[in-house]
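If you want the building blocks of each chain, they are given just below.
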Amino acid sequence: MTHRLCYISRNYRKINNAGNKAKTDNEVTLRQMGVQNLGLHTTYYNSKIVTFFLDLAGIIKMMLTIKPGDIVVLQYPIKKYFAFICNFAHLRHAKTIALIHDLGCMRRKKLTIGQEIKRLMHADYVIASNEKMQNWLTQHGFTKPTGALQLFDYRSKSMASKPAKQMSDISPSLVYAGALAPRKNSFLLKMQQNIKNYQLEIYGNENGLPGLQAGNKVHLHGFIDSESFISSVKGDFGLVWDGDSTDTCSGNFGEYLRWNSPHKVSFYLRAGLPIIIWKEAALAPFIEKEGIGFSISNLNELNERLKKISVDDIQNMRAQVERVSDRLRSGSFLTSAVNQALTVLTEVDA
């Protein structure tokens, strides 16, 4: 049986949203791989009603064009239609690969763990966000084959600017970029009171986090679009932390770092920034293994930890960041994960 690799494109309402950026980037990679789109062309209409009808029309088109032996890559979650698409594919003697962007049972608590696993079991293969999530699925009763993406690719025409200074010239600078809101990053309010040996560069709408104050060690840059950030940001590290505590990552957003691969990591790497991340985060082992940053238990460690980093250390990290950034730019992480899934699923039929 011949195997045709396929996907179903859809309408994306908020292209600046990190999740949608990851999904549209993945569609670009799939097209470059020669993957067949069974749905309509990718669209970007902002209306909920238009989105509903376009996505429905794409699924109806898939039903008419899917063939026996097809393997369909689905970006999970798909509201309402995931189980239906998988079941229909099986009726047509086709298979599905689910690429996980988000688990409803973790951050938003929309599903129980049992419901999520039962839903995912409709797929023939699951690409988890990282190895930690991959192990979690197996431990919670998922019995189909799995793989791990590690990082979400980040496509951008912009290239990171070369650092203008050696880190030792002045105190190191830490970059934090994101949508600022009390429930997500109020740790910044406590962090700003305890900075001794570094500068904190914050990018985001400061009105979202009342109490944030510029000072000698804290610089507020406001919101900057992603292309400009990648090409112009100056800093030594990108900080990945969530919640309201400097001691640990807390709350739903913070806890979710234990399992997910934040798009922010890819964003920082594309901007040429080595990563500082919570030690309990799912990506911490990968970041340290690849030499693209380091992990910390709490933010109060930073004053001492950054003092000990040499110019050679930062140069080595930057070289590794450049290597990984090239992979993110070309869609290499998704390509590898999909090819691995393809090998497993076609071996089953051999």
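An account of the accompanying structure is given in this report. (Residues numbered from 1 in each chain as written. Predicted model: local features only at pLDDT ≥ 70, side-chain atom pairs only at ≥ 80, totals over all residues. Heavy atoms only, no water.)

This part takes up the pairing of strand β10 (residues 237-240). Along β10, one buried face is formed by F237 and L239 and the opposite face, lined by G238 and V240, is buried too. Relative to β10, strand β7 (residues 173-177) runs parallel, the two sharing 2 bridges. Bridge assignment links V175 to a residue of β10, and that residue is G238. (Buried < 20%, exposed > 50% of the residue type's maximum accessible area, 1.4 Å probe, protein only. Helix = DSSP H or I, 4+ residues; strand = E, 2+ residues; numbered from the N terminus. Pairing = 2+ DSSP bridges.)

Next up on the list: the sheet that holds strand β4 (residues 95-100). Remark on secondary structure: sheet strands pair via backbone hydrogen bonds, oriented parallel or antiparallel. Here 6 strands make up an open sheet; going across it, the order is β2-β1-β3-β4-β5-β6 and the pairing parallel. Among the strands making up the open sheet, the edge pair consists of β2 (36-37) and β6 (146-148). Pairing of strand β3 (residues 71-76) with β4, which is carried by 6 bridges, proceeds in the parallel orientation. By the bridge assignment, L74 is partnered in β4 with A98. Along the sheet face, helix α3 (residues 82-91) touches β3 and β4 and points at about 175° away from the line of β3. (Contact = heavy atoms within 4.5 Å. Axes fitted to C-alpha atoms, helices over the stretch in contact; angles between N-to-C directions.)

The subject of this paragraph is empty space enclosed by the protein. The full count for this structure, using the stated rule, is 1 cavity of 30 Å³ or more. In this model, the largest cavity occupies a volume close to 30 Å³. If you trace the largest cavity, you find it lined by K190, M191, N194, I195, Y198, T246, L299, N300 and N303. Among the residues forming the lining of the largest cavity, the class breakdown is 4 nonpolar, 4 polar and 1 charged. (1 Å grid on protein atoms, 1.4 Å probe; cavity = no way out; pocket = protein on both sides within 12 Å on 5 of 7 lines; lining within 4 Å. Points joined across faces, edges and corners; volume = space filled by probe spheres on them. Nonpolar A, V, L, I, M, F, W, Y, C, P; charged D, E, K, R; others polar.)

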